[in-house]
Amino acid sequence: MSKITDKTTNIDKARRRLAKASVAAVPVVLTLTSRPVLGAYCSVSGMLSGNLSRDTSNVHCDGFSPGYWGNLGAKRGYPAPYFEGNFIDKNGDPCTHPKDIDYPNSGGTKFSDVFVGLGFDGVDHTNETLLEVIWTYSGSLAFYCVAHLLNAASGIPTYQLTEAQIIDMWNQWATTGSYEAAPGVYWSGEDIKAFLEQTQH
Amino acid sequence: MLTSEKWHATAGFKLLWHTWDDESVVYHTGSGDTHLLDSVAAFVLKTLEKKTLNIFEIIETLSQDSDLVTDENFHEFISQLISKFNRLGLIERHSG
């Protein structure tokens, strides 16, 4: 008997909570994104000239992470002219998760349609799709460059890098092992990754 | 938004929940974003994890489980909520 009483009390509490919440004029849904604690430099020139002279604590470049472009971003569709590929698995059946796509036969944009295919590290992405690179080479420079190419093509108001800049970063690195960010200033692959990473949330 | 359109949680990704009294946070594995929801918003999203419903069906489910007054304003409230969930990628239209 006491168990029944307890259950009833719990239900009433739950009903009260919902009733109380309904007082809000608009639905309460707040997104709690993780952003760089120290703010960000959204452009190459800003990164080179800013350093300690400028407070960037409130600057957010709002690029999406590679993880987004491998998951929900792929599901929602890549920005034109890029294509994530048809959601068909290796058995020819429709699939819902981007990691299950049969990439070679998906019709997705190939990495080498945009970038130099062969990286300076010797990894050849020529026949891989953009989405496949994200799922196969987590943490690599190719993984970051694909994501930021898509950020640049997305028209995010606060995102300052262009598709041409991202392509140039990769292509210079792929052929020489570094990117000339300014005359005589060379970034390694790790430098490029660090820069791109602080422009995303 | 058509009121006959049916909605469900975006397929292929998980929602990870933690709830304190009137508030919940939910982590969406598809976007990597975490959202803070009030109890009504959390109830609706949890319902759409299990079922595919249109706005009328969502309101009916809510009215069965609460003392909420489901008038015209409430319909607008739920429409806004569904639009917001859709924008955030938490739910998608049922394509069937």
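Above this text is the structure in question.
I will try to describe carefully the structure that is included in this document. Predicted model, so just to flag it, every value in this text is computed and none were measured.

Each helix and strand counted, chain A has eight helices and three strands in total. Helices and strands in chain A line up, N terminus first, as α-β-α-α-α-α-α-α-β-β-α. Counting across all 201 residues of chain A, residues that qualify as buried make up 44%. Pairs at least 24 apart in sequence give 55% of the contacts found in chain A among residues at least 6 apart. Accessible surface, chain A: about 10300 Å² in total, of which carbon and sulfur atoms supply 54%.

In this structure the tally under the stated criterion is five salt bridges over all chains. In this structure, K75 of chain A engages E92 of chain B in a salt bridge whose closest nitrogen and oxygen atoms are separated by 3.8 Å. With K75 of chain A in helix 4 (residues 72-76) and E92 of chain B in strand 5 (residues 91-93), this residue pair bridges two chains. For K75 of chain A, a relative accessible area of 22% puts it in the partly exposed group. Here D100 of chain A makes a salt bridge to K99 of chain A, at a shortest N to O gap of 3.5 Å. On the basis of relative accessibility, which here comes to 34%, the residue D100 of chain A falls in the partly exposed class.

Residue and element names in this part refer to chain A. Tallied over the full model, the rule gives 13 aromatic pairs over all chains. Note on F143 and Y144: the rings are 5.2 Å apart at their centroids and 90° apart in plane angle, and the pair reads as edge-to-face. Judged by relative accessible area, which is 10%, F143 ranks as buried. Y144 sits in the buried class, given a relative accessible area of 9%. Arranged with centres 5.1 Å apart and planes meeting at 50°, the rings of W170 and W173 form a pair that is tilted.

Counting buried positions over the five residues of strand 4 (residues 34-38) of chain B gives four, a clear majority of the element. Across four bridges, strand 1 (residues 29-32) of chain A lies against strand 4 of chain B in antiparallel orientation. From the neighbouring strand, L32 of chain A faces strand 4 of chain B, where its bridge partner is T34 of chain B. Where strand 3 (residues 23-28) of chain B lies against strand 4 of chain B, five bridges are found, and the strand directions are antiparallel. Its bridge partner lying in strand 4 of chain B, V25 of chain B is registered against L36 of chain B. Counting the residues in the hairpin turn of strand 3 of chain B and strand 4 of chain B gives five residues, including G32 of chain B, whose phi is positive at 80°.

Cut-offs used in this document
- Residues numbered from 1 in each chain as written.
- Chains lettered and ligands numbered in written order.
- Predicted model: local features only at pLDDT ≥ 70, side-chain atom pairs only at ≥ 80, totals over all residues.
- Heavy atoms only, no water.
- Helix = DSSP H or I, 4+ residues; strand = E, 2+ residues; numbered from the N terminus.
- Buried < 20%, exposed > 50% of the residue type's maximum accessible area, 1.4 Å probe, protein only.
- Contact = heavy atoms within 4.5 Å.
- Areas by Shrake-Rupley, 256 points an atom, 1.4 Å probe, with all protein chains shown as cover.
- Salt bridge = Lys/Arg side-chain N within 4 Å of Asp/Glu carboxyl O.
- Phe/Tyr/Trp six-rings, centres within 6.5 Å; stacked < 30°, edge-to-face > 60°.
- Pairing = 2+ DSSP bridges.

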